Amino acid sequence: MWSSVKSELTRRLADRIRNLYEVDHDPVVEIPPRRDLGDIAFPAALHLARVVKRNPRQIATEILEGLELPPEVRSVEIAGAGYLNAFLQRSAGAAHLLAESAVAPSAAGSKTVIEHTNINPNKAAHIGHLRNSVLGDILAKTLRELGHTVEVQNYIDDTGVQVADVVVGFLDIQGLDAAAVAAIPEPFDYYCWDLYSQVGRWFEEDPERLTLRRSTLHELESGSGPRADIGRLVARRIVARHLKTMARLDISYDLLTHESDILGLDFFRQAFDRLVASGAIHLENSGKNEGCWVMPLAESEEFAGLEDPDKVIVRSDGTVTYVGKDIAYQLWKFGLLGRDFEYRYWDEQELWQTTTTDGVAKHPSFGGAHDVINVIDIRQSYLQKIVRAGLEALGHPEAAERSVHFAYEMVALSTDTARQLGYIDDDADPDEEGKSLEMSGRKGVGVKADDLMDQLIAKAREEIESRDRELAADQLTQLARDIAVAALRFFMVKASTHRIIAFDFSEALSFEGESGPYLQYALVRAENIRRKLAASGLETEVAPEIARQLPEELWSDDLWDLVLCAAQIGDTLEKAGSTLELSLIARHALDLAQKFNALYHRHPMLHEENEDLRRVRLVATRVFSKALMDLARILGIPTPDRM
RNA sequence: GCGCCCGUAGCUCAGCUGGAUAGAGUGUCGGCCUCCGAAGCCGAAGGUCGCAGGUUCAAAUCCUGCCGGGCGCACCA
């Protein structure tokens, strides 16, 4: 009803304006700041003042005169400088929201591939990775809600430099063989976290040692030899850990795609031949890129001003850069490569993954997307542009157009947190005061995702226990987890994508104010009211037909404001989906919860004698719960009924 | 050097395609648990919207130029 009444009013207004002034005007829709001003505002008269050369209020009067109102609209008034403000039928509007969801799938079901997480399989996941995974997961849920078919892929860079470095650590520093690496106890990803930063220092001590990285990288790419064996082992063990970490946050995937399979199945060779044939890349015969296959970017406006106008796709030693492999992968995602992976099911992890040779005959169909969204931090914008340029060069401008880079800013550590963890000395340079510290897997600087989860769960448990909730042990465990998940996911999604998050322990561990638990608490209260109503033998539900008949004047502005806020969640999801600004969903959820919590103290239900008034309040509460449950589901925030 | 992002209350941030008294959270101070759960609510204090121009009936919002901070421009990803 919300969107239909908006568009109907807009249409009638546009008609009226055309008849009156013979101009085509597309009326802007706004929401007035207060309910006493109205529910939908049209500043059309203000915009027309210049064209029509008349006082806005006068124009508004002329438009309003003879404007036929849709049945959902009670009245339209002129306000302020010349706003046309519509007031909706409140009982009817609320009844409508009781009967139907405020979210209507709009997409036609076309397939979207979302790539997210993509953590290098050589160390534990840290909170920066969590931002990626949480955003990717919420994006997938949002698009599904809007009617898209979504396939989530987690790309495993198991043949890259980062894995190579850990292999060097095991083999050349620690002198371990594959069996010994396999025998290292869990948490294996924590072990590698330390080893990886150790390798970095080891290389710095003697740059000659970098030849070991090079030869390891070669072996990883060819897939045979002791270094390749250890590489595979490391990648598999780490990925298993990452999946477990993500599962704690209810994040899962449809498919793991391995870079090694892109190489093993000659995906890159396929793409390479086409890149050469199309002239998109050429072999450099001189200069600093001598012996490399490069993609010239100088002519493209998008890449203007680069220090080096060429991007290396194949290194002089014959190995392929990440971008090269990613072009092949991107082609496959669109079904444009002309070949497919083999697939097998990873039983322990319960998900499909690509493979090179031992695939099974029966598997779901993967790839072949209409749209592709890559969730990757903003620092990789340059590389993502090159991937798009590659698609374009290969004659797929439409695929390039539908390749979206969902870029988000980094997670850094706040000064306080960095100091707590010992990354900054207490007597550090005063100039550094107040500056956040960038995390670095290479340097071993960061907060591990599992550590944060553990702390959140412990804190939640403490909070619950302090309240004497009389829960069984397993209920307490479950609830502590639910609250921790809510806190963490909300923390990651409430920030705008273009903002750097300065991660601060005290802020992340707060369950008050703008937090996930705040949302849960509002829902718990709403549910609790219904339990109490039931216990008193009162009705806990109002049928839409009854709600429609409730006296209009019982709707106070504040109660109606909550309903109107709930009516708009569909708009927010649409906007979040189209702009990739998922924080809008979090903000809207907060807005709902804040409004409800405020009403909660002003409009008691149990002790209200007037049956109709009680019903109006119950309707508002039900509409609120439904809307916030919808948003919580999309945000991946669990909704316990007690806490 | 070129490109992108940020600069709004002590701190962390909202503020949508210009529009109705610049809003939250947190912190500080003061209230509210014989009354549907105080992880909550109510109130107070707190802002030259980085600076300077410009466009406009109207600018935190658009344009230009500065200043301050961050990031990118690898044979790492």
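Residues numbered from 1 in each chain as written. Chains lettered and ligands numbered in written order. Predicted model: local features only at pLDDT ≥ 70, side-chain atom pairs only at ≥ 80, totals over all residues. Heavy atoms only, no water.

## Considerations on the overall build of chain A
- Check the secondary structure of chain A and you find 25 helices and 16 strands.
- In chain A, which comprises 643 residues, the share counted as buried stands at 52%.
- Across chain A, the fraction of contacts at a sequence separation of at least 24, relative to all contacts at a separation of at least 6, is 75%.
- Here chain A has roughly 28,200 Å² of accessible surface; of this, 48% comes from carbon and sulfur atoms.
- Across chain A, the 72 positively charged side chains and the 103 negatively charged ones have centroids separated by 3 Å. (Helix = DSSP H or I, 4+ residues; strand = E, 2+ residues; numbered from the N terminus. Buried < 20%, exposed > 50% of the residue type's maximum accessible area, 1.4 Å probe, protein only. Contact = heavy atoms within 4.5 Å. Areas by Shrake-Rupley, 256 points an atom, 1.4 Å probe, with all protein chains shown as cover. Lys, Arg positive; Asp, Glu negative; His and termini not counted. Charge placed at Lys NZ, Arg CZ, Asp CG, Glu CD.)

## Details of the pattern of salt bridges
- In this structure the tally under the stated criterion is 51 salt bridges.
- Where Asp189 meets Arg241, a salt bridge forms, and the shortest distance between an N and an O atom there is 2.8 Å. Highlighted residues: Asp189 in helix H8 (residues 188-205) and Arg241 in helix H10 (residues 226-248), separated in sequence by 52 residues. The residues Asp189 and Arg241 share a single accessibility class, namely buried.
- Across the pair Asp317 and Arg214 runs a salt bridge whose closest N-O atoms are separated by 3.3 Å. Note that Asp317 is positioned in the loop between strand S9 (310-314) and helix H13 (322-333) and Arg214 in helix H9 (residues 210-222), a separation of 103 residues in sequence. (Salt bridge = Lys/Arg side-chain N within 4 Å of Asp/Glu carboxyl O.)

## Digging into the sheet that holds strand S15 (residues 437-438)
- Ordered in space as S15-S14-S16, the 3 strands form an open sheet in which the pairing is mixed. The sheet terminates laterally at S15 and strand S16 (501-503), the two strands that pair on one side only.
- As defined by bridge partners, strand S14 (residues 411-413) adjoins S16 across 3 bridges and the pair is classed as parallel. Pairing of Val411 across the sheet is with Ile501, part of S16. (Pairing = 2+ DSSP bridges.)

## Focus on the domain arrangement of chain A
- The domain architecture assigned to chain A consists of domain 1 (2-88), domain 2 (414-442) and domain 3 (516-635).
- Between domain 1 and domain 3, the contact holds 8 residues from the first and 8 residues from the second.
- Together, the buried faces of domain 1 and domain 3 total about 740 Å²; carbon and sulfur atoms form 57% of this surface.
- For domain 1, the biggest contributors to the area lost against domain 3 are Trp2, Arg35 and Leu88; these three give 65% of the whole.
- Counting across the interface, domain 1 meets domain 3 through 2 salt bridges. (Domains from an automatic or database assignment. Buried area = accessible area lost by both parts, 1.4 Å probe.)

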